[in-house]
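Survey of secondary and tertiary structure
One-letter residues, chain by chain:
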Amino acid sequence: MADVLVQRARLVTMEDRKQGAGPSGDRLVDILIRDGVIDTVGPSGQLTGLAGVQRLDADGRWAIPGLWDQHVHMTQWALSYTRLDTSSASSVDEACALVTHALRTGAGHTPTGMLTGIGHRCAGWSQQPSVAALDAASGEMPVVLISGDCHHGWANTAAQDLLGVPRREDVIAEDEWFDIYARLDALPGSQQEAEGSMDLAVRRARELGIVGIVDLEFARPWEQWPQRYAAGVGPLRVRTGVYPAR
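Residues numbered from 1 in each chain as written. Predicted model: local features only at pLDDT ≥ 70, side-chain atom pairs only at ≥ 80, totals over all residues. Heavy atoms only, no water.

What follows covers a negative patch on the surface. Where like charges cluster on the molecular surface, the negative patch consists of D149, E174, D175 and D179. Structurally, E174 can be placed in helix α6 (residues 174–185). (Patch = residues over 30% accessible without salt bridge, like charges linked within 9 Å, V, L, I, M, F, W, Y side chains within 5 Å. Areas by Shrake-Rupley, 256 points an atom, 1.4 Å probe, with all protein chains shown as cover. Salt bridge = Lys/Arg side-chain N within 4 Å of Asp/Glu carboxyl O. Lys, Arg positive; Asp, Glu negative; His and termini not counted. Charge placed at Lys NZ, Arg CZ, Asp CG, Glu CD. Helix = DSSP H or I, 4+ residues; strand = E, 2+ residues; numbered from the N terminus.)

Structure below.
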């Protein structure tokens, strides 16, 4: 990892925090980073004699500690880049229209053979989701729409059959849904679909200033992350949760 000198930055300091005041920002500093770790912070222009160090001019921008997201299901976030975004839907008809449009434009050609959407929140809808409405929009193509909080799945008849779900006309919710959700990960091509977007998800996190996460994925993230690092994903610091079954 290349050494970097960040020049002319303004710090949000711990002293500012202790005093309950906003950041003073009345002085510019240079920050020397060696091998990914902050080595030295000093008044701007006083860190000299640094040959071969990449320089980045902050031009008075704020520098804060790297952010940690303490609760992430990272595989699910990566998958959100490949799944149909249904967060804009405010009714059954709008959600179904998104599905119909996606299928017409070829979005159903996924590694798993199933069109999966995520993001809708139907609690305030005047009409609640039904399998019949989703069947009319999707035909024989397996379709599952996952709610924005991931606590229910709206599956058409073809998807119910593919996932081994007894036929039903309403959404699948809570513990019953969590068990079925795991079957999505077991579909042929599911890992290809998820890992194909992992590098993008990590890069997007880093663009937001996130340097570390706590991954609470239900799979085996402590095994997955070393494999991702070896494949060139990152850098990103990761801690993982472990559920009782593990």
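Let's shift gears to the sheet that holds strand β8 (residues 115–120). In space, the five strands of this open sheet follow the order β7-β8-β9-β10-β11, with mixed pairing throughout. A strand with exactly one partner marks an edge of an open sheet, and here the two such strands are β7 (84–85) and β11 (172–173). Where β7 meets β8, two bridges bridge the pair, whose relative direction is parallel. Bridging across to β8, L84 finds its partner in G117. Running over the sheet, helix α4 (residues 131–138) touches β9 (143–147) and β10 (152–155) and is turned about 50° from β10. (Pairing = 2+ DSSP bridges. Contact = heavy atoms within 4.5 Å. Axes fitted to C-alpha atoms, helices over the stretch in contact; angles between N-to-C directions.)

Bringing the nonpolar core into the picture now. Within the largest apolar cluster, 16 residues are counted, with the highest numbers of intra-cluster contacts made by V99, L115, W125, L134, V143, L145 and W154. Per-element tally for this core: the top contributor is helix α3 (residues 92–104), with five residues. Discounting residues that sit within four places of it in the chain, W125 has contacts with A89, S90, S91, V92, A95, H120 and W154. Grouped together as the second largest cluster of nonpolar side chains are 14 residues, A159, V165, Y181 and L187 included. (Core = buried A, V, L, I, M, F, W, Y, C linked by side-chain atoms within 4.5 Å. Buried < 20%, exposed > 50% of the residue type's maximum accessible area, 1.4 Å probe, protein only.)

On to helix α9 (residues 221–230). Considered for burial, the residues of α9 that qualify are P221, Q224, W225 and R228. For α9, the buried positions fall inside an angular range of 100° around the axis, keeping them on one side. Projecting away from the buried face of α9 at angles above 90 degrees are the exposed residues Q227 and A230. G232 sits one or two residues past α9 and shows a positive phi near 100°. (Arc of directions from axis to C-beta.)

Evaluated as defined, the whole model comprises nine salt bridges. Between E195 and R228 there is a salt bridge, with its nearest N and O atoms 2.8 Å apart. With E195 in helix α7 (residues 190–195) and R228 in helix α9, this residue pair connects regions lying 33 residues apart in the sequence. Classification of E195 as partly exposed rests on a relative accessible area of 29%. Exposure remark for R228: the relative accessible area of 3% places this residue in the buried category. As a salt-bridge pair, D199 and R203 come within 3.1 Å of each other at their nearest N and O atoms. Of this pair, D199 and R203 are both found in helix α8 (residues 198–207), four residues apart, which corresponds to roughly one turn of the helix. Classification of D199 by relative accessible area gives partly exposed; the value is 30%. We classify R203 as partly exposed; its relative accessible area is 40%. Because the salt bridges share partners, they merge into one network encompassing R8, D57 and D59.

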